[in-house]
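# Fold and geometry: a report
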Amino acid sequence: MKKRWIVLAVCLVIFGALAVNPTLASQVGQIFQDVSAHIGELFGKPVEDTQGLLDTRLCYFRADQEKGTLVETAANDPSQLMIPAAYRDDYNWETVPVQLDGKTYPLFDKSRVSGVVDKFASVRNAGEETAYFRVAFAVEKTDVVNRLMHFTFSGDTQAFEISPWKDIRINGREYRMIVYSYLHPLEAGQVSPPMLLQAVMRKETTNEDLAQLKSDFLQVKVMSIQADVFTEEQVIDGEKVKVQLSAKEALDMAVPLREDFNPFR
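A few points on the structure. (Residues numbered from 1 in each chain as written. Predicted model: local features only at pLDDT ≥ 70, side-chain atom pairs only at ≥ 80, totals over all residues. Heavy atoms only, no water.)

A few words now on the nonpolar core. Looking at soluble globular proteins, one finds that nonpolar side chains tend to be buried together. By size, the foremost hydrophobic cluster in this structure holds 32 residues, and its most contacted members are Val-123, Phe-133, Val-135, Phe-137, Phe-151 and Met-195. Of all elements in the fold, only strand 3 (56-64), strand 10 (120-125), strand 11 (131-140), helix 1 (143-148), strand 12 (149-153), strand 15 (173-182), strand 16 (196-201) and strand 17 (218-226) reach the threshold of two or more residues within this core. Those residues in contact with Val-135 that lie beyond four places of it in its chain are Val-123, Ile-178, Val-179, Tyr-180, Met-195, Val-220, Lys-221, Val-222 and Met-223. Core analysis: the second largest hydrophobic core is formed by 20 residues, Val-179, Met-223, Val-229 and Leu-245 among them. (Core = buried A, V, L, I, M, F, W, Y, C linked by side-chain atoms within 4.5 Å. Buried < 20%, exposed > 50% of the residue type's maximum accessible area, 1.4 Å probe, protein only. Helix = DSSP H or I, 4+ residues; strand = E, 2+ residues; numbered from the N terminus. Contact = heavy atoms within 4.5 Å.)

All right, on to the sheet that holds strand 10 then. Pairing is antiparallel in the open sheet, where 3 strands are placed in the order 4-3-10. Looking at the sheet topology across the chains shown, the edges are occupied by strand 4 (69-73) and strand 10. Strand-to-strand twist of the sheet, defined as the mean angle between neighbouring strand axes without regard to direction, takes the value 45°. Relative to strand 10, strand 3 runs antiparallel, the two being bridged by 6 bridges. What sits directly across from Tyr-60, in strand 10, is Ala-121. (Pairing = 2+ DSSP bridges. Axes fitted to C-alpha atoms, helices over the stretch in contact; angles between N-to-C directions.)

What follows is about the pattern of salt bridges. On inspection of all chains with the given rule, the structure shows 17 salt bridges. Among the salt bridges present, the one from Asp-209 reaches Arg-147, with a minimum N-O distance of 3.1 Å. Of the two residues, Asp-209 is situated in helix 2 (residues 207-212) and Arg-147 in helix 1; the sequence distance between them amounts to 62 residues. Two residues, Asp-252 and Lys-248, come together in a salt bridge whose shortest N-O distance is 3.1 Å. Note that Asp-252 and Lys-248 are positioned in helix 3 (residues 247-254) at a spacing of 4 residues, about one turn of the helix. The exposure class assigned to Asp-252 is partly exposed, which follows from its relative accessible area of 32%. (Salt bridge = Lys/Arg side-chain N within 4 Å of Asp/Glu carboxyl O.)

Now for unusual backbone geometry. Positive phi values are uncommon outside glycine, yet Trp-93 reaches one of about 65°. Since its relative accessible area comes to 13%, Trp-93 is described here as buried. Positive phi, normally seen in glycine, also occurs at Asp-101, with a value near 50°. Structurally, Asp-101 is set in the loop between strand 6 (95-100) and strand 7 (103-108).

Structural data, given as structure tokens:
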């Protein structure tokens, strides 16, 4: 009997070290955690061996706008260092369309603001099985985050079904959550289009603000399932055959977005 499993890859993601400009004296350290947890067969007893388990993980890219490409980054890449931005007082955080690798993204206008951190968050299928996945992003609802942090997210509805923002609680704290459901199979070795794109910290950020900014103000959780497990019987030309469910059908079955959906609990 074919083994069935669901893997939840849990990632707490912070935008590198929150560094300071020369007028600030404090520095908030980087926290990065990447945990993959195998929770057994989806419809039966737990699987004992771990060979071939889904291995889906977040990966990050920055924009090289001069070359028009995305470049993969490591956690310690200097480009991931977040500092209070520089911009004119009349800047309204508008975005401009930027072409990268043949796709258009809404990015902050680098001619009008500096200090933006590119954090193009994608999912890489590093395993051997084709995957379907959902990714939940949760941004803490605090005065500091609301006043001082700006984010850009992808609006690519050809690649993703994108949920509305929803209020949730994580460990007793208030967050806003958005969920991206990838509408296509992610084959072994493939990288999905990005979802989260950029983040920027306002220039009026102070030491006191940084002291209140918790390290997990942004949390991300990847929920991936093995695509070929999810099939249904159909009659084709008079014969019963198994047909693979679409990504949306399978994810709605395995990881349904109910009213009380909160993968961070």
